[in-house]
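Each chain, written out:
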Amino acid sequence: MHCWLQNYDDIGTVEFRLSGRARRMRLAVSEDLVRITIPQGHSTRAAEVWLRQHADWIRDCKAKQSLVRKNQIAAGLIVCAPVNKVDAGRQLTARLVELAELHGFSYGRASVRNQKTRWGSCSAAGNINLNCRLASLPDELRDYVILHELTHLKVHGHGPDFWRELGKLVDNPRQLRSRLRQYRID
């Protein structure tokens, strides 16, 4: 995949991505970046024209996202800052290994991703997925999420047995869950 950035006065920074897998042009908008995916066979010029045709829509999206962020901050939500995925991956994987050994857990594969909606997950096959943004959380909350996912190796779901098992590993797991909800992945 070939990528490049270009700045536009009225839109901001745009990341162009040429993709062999994409079947159609696609826009993704965040407050600080607009990403346009261009399928193979489409020209850069055609992508720029398409981008310009959607300029009003892009500005509207950015304005809505900015308003949502201001409301979240006013409501006391903390937005996690972006992190270096490689460094976060090393740190989180090392902590996962450490906590798994300490508490006698055995898991399949571990991966660290930049997820948009989840702090972590545990698959039925015993694979643990962690969000790289965990590295920006306080240590107590980072460990809570890791131990939460490790507990799913013993108890699937979030019933009373799950909370009892997690309570053996961390003090006040429900209080930690509440604290974690003050943080927003972004």
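Quantities reported herein were computed from a predicted structural model and do not represent experimental measurements.

1. A closer look at the pattern of salt bridges
This model, assessed by the stated rule, comprises 15 salt bridges. Between Asp10 and Arg52 there is a salt bridge, with its nearest N and O atoms 2.9 Å apart. Residue Asp10 is located in the loop between strand E1 (2-8) and strand E2 (12-19), and its partner Arg52 is located in helix H1 (residues 44-53); the two are separated by 42 residues in the primary sequence. Taking the relative accessible area as the measure of exposure, Asp10 reaches 35% and is therefore partly exposed. Arg59 serves as the salt-bridge partner of Asp56, at 2.3 Å between the closest nitrogen and oxygen.

2. Points about the pairing of strand E4 (residues 34-39)
Extensive coverage of E4 is indicated by the burial of five of its six residues. Examined bridge by bridge, E2 and E4 share six bridges and lie parallel to one another. Within E4, the position partnered with Leu18 by the bridge is Ile38. The sheet contact formed by strand E3 (residues 26-29) and E4 spans four bridges and is antiparallel. Paired with Val29 across the strands is Val34, a residue of E4. Between E3 and E4, which pair antiparallel and follow one another directly, the connecting turn spans four residues.

3. Focus: the state of the cysteines
One covalent bond between the sulfur atoms of two cysteine residues makes up a disulfide. Within the structure shown, the criterion is met by zero disulfides. For Cys3, which is in no disulfide, the shortest distance to another cysteine sulfur is to Cys132 and amounts to 17 Å. Among the residues examined, Cys3 registers a relative accessible area of 34% and is labelled partly exposed.

Rules and cut-offs
- Residues numbered from 1 in each chain as written.
- Predicted model: local features only at pLDDT ≥ 70, side-chain atom pairs only at ≥ 80, totals over all residues.
- Heavy atoms only, no water.
- Salt bridge = Lys/Arg side-chain N within 4 Å of Asp/Glu carboxyl O.
- Helix = DSSP H or I, 4+ residues; strand = E, 2+ residues; numbered from the N terminus.
- Buried < 20%, exposed > 50% of the residue type's maximum accessible area, 1.4 Å probe, protein only.
- Pairing = 2+ DSSP bridges.
- Disulfide = S-S within 2.5 Å.

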